[in-house]
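# Architecture at a glance
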Amino acid sequence: AALTLAGLAGLPDAERLIDLGEELLIEACAQQFFADGGHKSRCPEMLLEALCDLISVDHACARAGRESPPDLAAQAAKMAAMLRLCRLGDGALACFQGGGEGLAGSLDAALRASGAGRDFQYATQSGYLRLAAGETALVIDVGAAPPRDYAERGHAGALAFEMSSGADRLIVNVGS
């Protein structure tokens, strides 16, 4: 993402930076994300950071009058759906795999900018389950530990969960 943004900002050798950046970005998305939109770290906060990077590239491309890298919008929509699955009633993220709540304002902005995506309750590859009734929401870690290459902040948190009622968190995970 950084190489693409540097090229779009007009640094010397801009076209080469953009081309290389887009190629590496597409490759990174293919390697780092599950089909359900989750990041292989299984950390919702890291997923939010990655989505913000993709949105930055998309917006910079639009300002420069260029097409965004292929499939970027589809990837962003899947990531947004995964983040909505991990969101509790206070508007922030459930804390799993070493991550914190994230900044609610950043999450709101990222979700607005990334398109609708299809909501779901069970992320089979990422290993999260969301149960909700009325104002009560429960997000449960039902997956394995992240792959070793992505487990910098992660841990085996099988069946860890967070629960909120309205804007109040009732049960929280250690997270970070």
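Here is what the cut-offs are and how they apply
Residues numbered from 1 in each chain as written. Predicted model: local features only at pLDDT ≥ 70, side-chain atom pairs only at ≥ 80, totals over all residues. Heavy atoms only, no water. Salt bridge = Lys/Arg side-chain N within 4 Å of Asp/Glu carboxyl O. Helix = DSSP H or I, 4+ residues; strand = E, 2+ residues; numbered from the N terminus. Core = buried A, V, L, I, M, F, W, Y, C linked by side-chain atoms within 4.5 Å. Buried < 20%, exposed > 50% of the residue type's maximum accessible area, 1.4 Å probe, protein only. Contact = heavy atoms within 4.5 Å. Arc of directions from axis to C-beta. Pairing = 2+ DSSP bridges. Axes fitted to C-alpha atoms, helices over the stretch in contact; angles between N-to-C directions. Phe/Tyr/Trp six-rings, centres within 6.5 Å; stacked < 30°, edge-to-face > 60°. Lys NZ or Arg CZ within 6 Å of the ring centre and 35° of its normal. Parallel < 35°, antiparallel > 145°, perpendicular 65-115°, else oblique. Left-handed = near helix turned anticlockwise from the far one by under 90°.

### Some points on the pattern of salt bridges
Evaluated as defined, the whole model comprises eight salt bridges. R66 is the salt-bridge partner of E15, the closest N and O atoms lying 3.0 Å from each other. Of this pair, E15 sits in helix α2 (residues 14–32) while R66 sits in the loop between α3 (44–63) and α4 (72–85), placing them 51 residues apart in sequence. Among the salt bridges present, the one from E101 reaches R169, with a minimum N-O distance of 3.8 Å. With E101 in the loop between α4 and α5 (104–113) and R169 in strand β5 (residues 168–171), the pair connects residues that are 68 residues apart, well separated along the chain. Beyond isolated ion pairs, a larger network of salt bridges with shared partners links D90, E101, E162 and R169.

### A closer look at the nonpolar core
Within the largest apolar cluster, 36 residues are counted, with the highest numbers of intra-cluster contacts made by L51, M79, M82, L83 and L85. Counting only elements with at least two residues in this core, the list comes to α2, α3, α4, α5 and β3 (136–141). If you tally residues by element for this core, the top one is α3, at nine residues. Leave out the neighbours within four places in its chain, and M79 touches F33, G37, L47, A50, L51 and L54.

### Remarks on α5
The complete set of buried residues in α5 reads L107, A110 and L111. One side of α5 carries all its buried residues, which in axial view fall inside an arc of 95°. Contacts from the buried residues of α5 go to α3 and α4. A positive backbone phi angle near 85° is found at G115, which sits one or two residues after α5.

### Observations concerning the sheet that holds strand β2 (residues 128–133)
A sheet is described by the order of its strands in space; here five strands give the open sequence β1-β2-β3-β4-β5, paired in antiparallel fashion. The open sheet has two edge strands with one neighbour each: β1 (122–123) and β5. α4 contacts β1, β2 and β3 of the sheet and is inclined by roughly 60° relative to β2.

### Section: the packing of aromatic side chains
With the rule as written, the count across this model stands at one aromatic pair. Pairing F96 with Y128 gives two aromatic rings, centres 5.0 Å apart and planes at 45°, and the pair type is tilted. In this pair, F96 sits in the loop between α4 and α5 while Y128 sits in strand β2, placing the two residues 32 residues apart along the sequence. Against the face of Y128 rests R42, its NZ or CZ located 4.7 Å from the ring centre.

### A closer look at the packing of α3 against α4
For the pair α3 and α4, interaxial distance at closest approach is 10 Å and the crossing angle is 150°. It follows that α3 is roughly antiparallel to α4 by the angle criterion. Between α3 and α4 the crossing geometry is left-handed. Only L72, Q75, A76, M79, A80, M82 and L83 of α4 make contact with α3, whose side of the interface consists of P44, L47, L48, A50, L51, L54, V57 and D58.

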